[in-house]
Amino acid sequence: MKKSVALLAAGLLGLGVVASPAVFSAPATQAVPDIPFQRFTLPNGLTVVVHEDHKAPVVAVSIWYHVGSGDEPAKKTGFAHLFEHLMFSGSENHKGTYFTPFELAGATDQNGTTWFDRTNYFETVPTTALDMALWMESDRMGHLLGAIGQKELDTQRGVVQNEKRQGENRPYGRTDENILLNTYPANHPYHHDTIGSMADLDAASLADVKQWFHDYYGAANTTLVLAGDITPAQARAKAEEYFGDIPAGPPVPRQQPWITPLTKSTRGVQHDHVPQTRIIRTWVVPQLGTDDAVQLDLASTVLGSGKTSRLYQRLVYKDNLADDVSVTIAPFALASQFQLTVDVKDGVDPAKVEAAVADEWKRFLADGPTADELERAKVGSRAGFIRGLEKVGGFAGKAVILAEGQVYRGDPAAYKKDFARMEAATPASVKAAADKWTSKGDYTLTVLPAGKDFDPAVEDKAVVGLGDAPGRPKAVMPQAKTYTVDKSTVDRAKGVPEVNTFPDLSFPKVQRGKLKNGIEVVLAERHTIPVTLVNLQFDAGFAADQGRKLGTASFTAALMNESTKSLDSVEVAQRKQRLGASLGMGCGMDACSAGLDALNSELKPSLELLADVVRNPAFSSADIERVRGQWLAGIAQEKSQPVGLALRTLPPLLYGKDHAYGIPATGTGTEASIKSLTAADLANFQKDFFRPDNVRILVTGDTTLAAIIPQLDAVFGDWKAPTSAIPKRNLAHVAPQSKPRVYLINRPDAPQSLILAGLLAPSSKAADYIDLDVANGAFGGSFTSRLNMNLREDKRWAYGAGSFMRDTIGQRPFLMYAPVQTDKTAESAAEIQKEVEAVVGSKPLTQAEIDKIKASNVRSLPGSFETSNAVLGALTEIVRYGRPDDYVQTLKAKTDAVSQAAAEKAIREVIVPKALTWVIVGDFRQIEKPVRALNLGEVHVIDADGNPVK
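A short tour of the structure in this document, coming up. Predicted model only: the values in this text are computed from it and were never measured. (Residues numbered from 1 in each chain as written. Predicted model: local features only at pLDDT ≥ 70, side-chain atom pairs only at ≥ 80, totals over all residues. Heavy atoms only, no water.)

## Some details on the pairing of strand E3 (residues 58-65)
Reasoning step 1: A large share of E3 lies buried, amounting to eight of its eight residues.
Reasoning step 2: Residue alternation in E3 divides its side chains into two sets, Val-58, Ala-60, Ser-62 and Trp-64 and Val-59, Val-61, Ile-63 and Tyr-65, and both sets are buried.
Reasoning step 3: Looking at chain direction, E3 and strand E7 (residues 119-126) are connected through eight bridges and run antiparallel. The partner of Val-59 across the bridge, within E7, is Val-125.
Reasoning step 4: Pairing analysis gives seven bridges linking E3 to strand E8 (residues 222-228), with the strands arranged antiparallel. When the bridges of E8 are listed, Ala-60 appears paired with Ala-227. (Buried < 20%, exposed > 50% of the residue type's maximum accessible area, 1.4 Å probe, protein only. Helix = DSSP H or I, 4+ residues; strand = E, 2+ residues; numbered from the N terminus. Pairing = 2+ DSSP bridges.)

What follows is the structure, given as structure tokens:
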């Protein structure tokens with residue numbers, strides 16, 4: 001997703017944008033958003049920022065330590081991230097995994113992350129669980145080292161190393177390390193990646209752990225943000241109570257901004273098991289909080305954000321050289337990266353792509369953006385602000401913006417400065433910044449499919465890492481201050497504060513109405529921000545491919561996103577940008593949908609555009625051929641990814657090829673089917689399924705039934721259904737397999753194996769749906785579940801393992817997964833088999849395990865519907881699976897009623913050890929013999945299409 005200016009203030013990739021809802025009334029407003037806050041500092045130096053938001057009975061707790069991988073000394077790479085993991089191992093007054101009290105309290109959005117410049121920990125808890133959360137955070141801040149021994153260090157070292165393997169096992173997963181090595185000098189804090197090297201992780205000692213904690217995890221190096229259902233007075237009292245006695249810690253030297261642009265253009269080549277060539281070109285540019293960073297963010301939008309951008313138009317539409325292209329800026333505290341990424345179309349010479357990029361870039365540097373391009377970029381950022389207003393915490397939310405402003409720039413409202421800079425930007429200012437920073441040195445990395453040669457005329461000698469650079473700014477020691485600590489008022493010997501009361505769930509009443517032509521409208525009002533979400537649910541989905549060419553449903557929806565009979569593909573995209581609207585069509589297993597997320601000020605034209613897309617697709621030959629090429633490249637990408645391979649091959653094995661679900665679970669079809677699709681195929685699918693007698697319209701947001709019905713009638717009320725019948729799908733019941741089967745897929749040189757084991761569960765409409773959900777939570781569906789605690793925390797063979805079900809109208813797939821280190825593939829499969837046999841045999845789920853999941857599920861409900869999108873998701877479940885309108889309101893009572901016997905019965909009906917179908921993706925040379933020796937079942941070797949390999 002394209003970043004907005006607020007992300008420049010945030011400095012995190014992939015995070016959302018937040019602001020105050022009172023500011024906005026139209027996308028073109030120039031007002032700077034406001035997140036009201038109060039800030040204070042405890043005597044020990046801890047900075048506390050508080051934001052009130054009482055719309056839901058939850059509080060986001062976000063705690064930021066001003067230390068990251070950029071602070072690591074030589075030979076200690078990856079240590080900041082390793083220590084983040086250790087912080088979840090328990091503390092002196094709470095032994096065992098950190099997650100247990102939070103699961104019992106119904107916490108949501110809980111995690112921790114490490115980046116170049118910071119390490120953060122966060123959770124959103126029911127208001128009544130705030131004391132528990134603060135006790136836990138303060139206990140690990142002030143009382144950690146007594147709980148960390150060699151066992152805990154070895155456990156988390158193993159987990160982190162498997163996280164590194166998992167990242168490297170993805171296509172293009174090794175590029176970041178290469179790029180950092182060749183864009184920042186050896187003495188720059190960003191020269192190495194955050195996860196570090198295997199050798200340095202192996203060398204980390206217990207003494208290193210204790211020294212790191214002592215040096216960086218003091219109160220004076222920490223910011224605590226509390227956002228949500230809390231007042232500043234309450235926040236101050238609780239911060240003093242739980243954190244006031246924690247020592248300030250030693251002064252921490254502050255790394256200073258150091259922008260080190262390359263003086264000349266260099267390049268490197270990397271080979272990987274990837275389906276197509278990728279070109280990544282990187283510039284070093286100014287840090288977040290600078291005017292040039294804001295200007296470059298706008299430039300990146302114009303150059304390479306979506307279909308309307310300069311490079312997409314040139315490389316994808318006009319010259320047909322690439323399947324995708326993007327330009328982004330990754331803003332950090334000391335310097336930033338400006339990056340171009342191009343996926344080269346199969347068979348195209350990368351030199352031609354680079355020449356086209358150079359030509360287009362030169363034109364942009366000469367002329368700058370047009371006024372229209374710049375305004376569309378600004379509208380997108382403004383709309384992003386509005387859509388981020390509902391969230392208080394998590395990976396994105398008001399807590400994130402306030403924390404990063406304080407940590408990086410000493411001002412929780414620092415994002416306002418960037419917003420104002422964006423509004424003041426002109427074509428000339430954007431042109432000047434782009435010319436200053438992207439017209440000189442850069443590093444181009446070309447990633448080639450394994451075995452493919454590179455044209456010597458293009459390839460220069462690969463750079464293998466830059467040496468030290470002179471002029472590095474000295475770290476600045478903070479001004480000397482005298483800190484004091486309060487006498488503790490918390491008796492930690494009593495343990496974690498109990499959470500005995502919980503807030504009630506607040507969910508809007510479901511309302512129903514009809515359009516003039518009978519289309520049903522289902523509404524849940526949500527008056528928090530001036531946005532309305534409209535979703536057309538068509539009874540179709542991947543399963544509707546049955547009897548047609550595989551991939552027809554998804555491909556038809558994708559083409560309907562392109563052009564209409566009156567607007568070409570670019571005009572549709574530009575119109576969405578000008579309206580600040582998010583609009584698109586897509587399919588899942590049982591349904592296809594057309595969704596609109598519109599600003600209320602632009603709702604009428606946004607609905608008109610939605611109706612045009614749904615009712616009048618053009619299916620133009622030019623669009624079909626362009627998307628076809630991208631689609632085939634996407635299938636090739638799926639086949640290069642372990643998860644993609646498994647999800648393509650397992651469903652036909654589980655359901656059989658005559659079942660509507662016996663198709664690749666991605667819905668993308670096969671190369672042969674996609675190559676053969678015609679405009680007539682797409683038009684026929686649209687006629688058969690995208691029709692007014694096969695749709696229900698779901699609405700949530702800032703509207704009422706009386707207001708929205710006339711607006712929907714204006715664009716859909718005259719829509720007439722064809723006389724033909726809606727096609728049926730084969731969702732016949734599939735009996736369990738009579739014996740276990742194992743399918744191996746070779747992925748040479750893979751550092752990890754992916755294990756996926758499948759069974760079939762009852763429909764999402766089944767009466768025991770909640771019983772099975774609770775049982776699965778204990779078996780493999782939560783962090784503290786049996787599968788994850790075994791393979792991640794005990795054995796240290798996986799970064800994560802578990803089980804999940806995909807909601808479907810027919811039988812659901814029940815899948816157990818574990819990405820594991822290659823040399824432990826067979827052992828991991830054996831552990832999964834052991835857990836499968838135990839849960840339905842000698843070790844059934846206990847009352848305590850069931851009660852833990854029930855408590856977590858029930859108590860997380862008040863925080864689960866904070867956003868309109870979450871409410872829309874609940875409406876979708878109600879409509880698709882025929883649940884009562886008060887389904888959400890009854891979830892607490894229904895979950896509380898689940899007994900141990902009911903949960904055990906539900907999981908016994910699903911987990912049949914002899915019916916398991918295994919798909920294992922890994923390096924055949926290393927895993928074949930050990931897997932065969934397990935005797936899990938008859939072993940078959942298949943290719944990426946599921947065909948036998950001799």
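Now, onward.
## A short note on the environment of Val-476
Reasoning step 1: In this structure, Val-476 sits in the loop between strand E13 (443-449) and strand E14 (510-514).
Reasoning step 2: In this structure, the C-alpha to C-alpha distance between Val-476 and Thr-301, residues 175 residues apart in sequence, is 35 Å.
Reasoning step 3: Once you skip the residues sitting within four places of it in the chain, Val-476 turns out to touch Val-252, Pro-253, Arg-254 and Gln-256. (Contact = heavy atoms within 4.5 Å.)

## Focus on the state of the cysteines
Reasoning step 1: Evaluation of the coordinates by the stated rule reveals one disulfide.
Reasoning step 2: Shown here is the disulfide that connects Cys-587 with Cys-592, its sulfur atoms set 2.1 Å apart. Here the S-S torsion is close to 100°, and the disulfide linking Cys-587 with Cys-592 is therefore right-handed. An identical accessibility class is assigned to Cys-587 and Cys-592; each is buried. (Disulfide = S-S within 2.5 Å.)

## What about unusual backbone geometry?
Reasoning step 1: Non-glycine residue Phe-619 carries a positive phi angle of around 50°.
Reasoning step 2: Within the secondary structure layout, Phe-619 lies in the loop between helix H19 (603-615) and helix H20 (621-639).
Reasoning step 3: Its identity is not glycine, yet Arg-796 carries a phi of approximately 65°, on the positive side.
Reasoning step 4: Considering the arrangement of structural elements, one finds Arg-796 in the loop between helix H26 (786-794) and strand E22 (802-805).

## Brief notes about the sheet that holds strand E11 (residues 322-330)
Reasoning step 1: On the basis of which strands lie adjacent, the open sheet formed by five strands has the order E9-E13-E10-E12-E11 and mixed pairing. Bordering the open sheet on either side are strand E9 (266-272) and E11, each of which pairs with just one other strand. Adjacent strand axes in the sheet meet at a mean angle of 15°, parallel and antiparallel pairs treated alike.
Reasoning step 2: Bridge count for strand E10 (residues 278-285) against E13 is five bridges, and the pairing is antiparallel. Considered in E13, the bridge of Arg-281 is made with Thr-444.
Reasoning step 3: Its contacts with the sheet place helix H12 (residues 350-367) against E9, E10, E11, strand E12 (336-344) and E13, and it is angled at close to 130° to E12. (Axes fitted to C-alpha atoms, helices over the stretch in contact; angles between N-to-C directions.)

## Some remarks on the pattern of salt bridges
Reasoning step 1: Scanning the model with the defined rule gives 59 salt bridges in all.
Reasoning step 2: The partner of Asp-131 in a salt bridge is Lys-238, with the nearest N and O atoms 2.9 Å apart. Of this pair, Asp-131 sits in helix H4 (residues 130-142) while Lys-238 sits in helix H9 (residues 232-243), and the two are 107 residues apart along the sequence.
Reasoning step 3: Between Arg-691 and Asp-693 there is a salt bridge; the shortest N-O distance is 2.8 Å.
Reasoning step 4: Residue classification places Arg-691 among the buried residues on the basis of a relative accessible area of 1%.
Reasoning step 5: Take Asp-693: its relative accessible area is 40%, and that puts it in the partly exposed class.
Reasoning step 6: Linked through salt bridges whose partners overlap, the residues forming this network are Arg-314, Asp-319, Asp-359, Glu-360 and Arg-363. (Salt bridge = Lys/Arg side-chain N within 4 Å of Asp/Glu carboxyl O.)

## Details of helix H6 (residues 175-183)
Reasoning step 1: Within H6 the residues assigned to the buried category are Thr-175, Asn-178, Ile-179, Leu-180, Asn-182 and Thr-183.
Reasoning step 2: Buried-residue contacts for H6 involve E9, E10, E12 and E13.

## Re the packing of aromatic side chains
Reasoning step 1: Counted under the stated rule, the structure contains 32 aromatic pairs.
Reasoning step 2: Each ring, one from Phe-99 and one from Phe-783, has its centre 4.1 Å from the other, and the planes form 35°; the classification is tilted. Note that Phe-99 is positioned in the loop between strand E5 (94-95) and helix H3 (100-105) and Phe-783 in the loop between helix H25 (769-779) and H26, a separation of 684 residues in sequence.
Reasoning step 3: Ring-pair connections join several aromatic residues into one group, and the members of that group are Tyr-65, Phe-83, Phe-88, Tyr-98, Phe-99, Phe-102, Tyr-121, Phe-213, Tyr-217 and Phe-783.
Reasoning step 4: Against the face of Tyr-98 rests Arg-140, its NZ or CZ located 3.7 Å from the ring centre.
Reasoning step 5: Looking at Arg-883, its charged tip hangs above the ring of Tyr-769, at a distance of 4.2 Å from the centre. (Phe/Tyr/Trp six-rings, centres within 6.5 Å; stacked < 30°, edge-to-face > 60°. Lys NZ or Arg CZ within 6 Å of the ring centre and 35° of its normal.)

## A few points about the packing of helix H17 (residues 552-560) against H20
Reasoning step 1: Here H17 crosses H20 at 125°, and the two axes come no closer than 10 Å. One element, H17, and the other, H20, form an angle in the oblique class. Here H17 and H20 pass one another in a crossing that is right-handed. From H17, Ser-554, Phe-555, Ala-558 and Leu-559 reach across to H20, where they touch Asp-623, Ile-624, Val-627, Arg-628 and Trp-631.
Reasoning step 2: Of the residues contributing to the contact of H17 with H20, the split by class is six nonpolar, one polar and two charged. (Parallel < 35°, antiparallel > 145°, perpendicular 65-115°, else oblique. Left-handed = near helix turned anticlockwise from the far one by under 90°. Nonpolar A, V, L, I, M, F, W, Y, C, P; charged D, E, K, R; others polar.)

## A closer look at the side chain of Thr-341
Reasoning step 1: Residue placement: Thr-341 occurs in strand E12.
Reasoning step 2: Beyond its immediate stretch of four places on either side in the chain, Thr-341 contacts Arg-278, Ile-279, Ile-280, Asp-324, Val-325 and Ser-326.

## Let's talk about the sheet that holds E14
Reasoning step 1: Taken together, six strands build an open sheet; the order of strands is E14-E15-E19-E16-E18-E17 and the sheet is mixed. Each edge of the open sheet is held by one strand with a lone partner, namely E14 and strand E17 (582-587). Neighbour to neighbour, the strand axes of the sheet diverge by 15° on average, direction disregarded.
Reasoning step 2: Two elements, strand E16 (residues 531-539) and strand E19 (residues 695-701), share seven bridges in a ladder whose sense is antiparallel. Across the sheet, Val-534 pairs through a bridge with Val-699, a residue of E19.
Reasoning step 3: Sheet strands in contact with helix H13 (residues 371-387) are E16, E17 and strand E18 (591-599), and its direction is about 100° off that of E18.

## Quick look at the environment of Thr-100
Reasoning step 1: For Thr-100, the location among the structural elements is in helix H3.
Reasoning step 2: Look at Thr-100 and you get partly exposed, because its relative accessible area is 27%.
Reasoning step 3: Spatially, the C-alpha atom of Thr-100 lies 24 Å from that of Thr-489, the residues being 389 residues apart in sequence.

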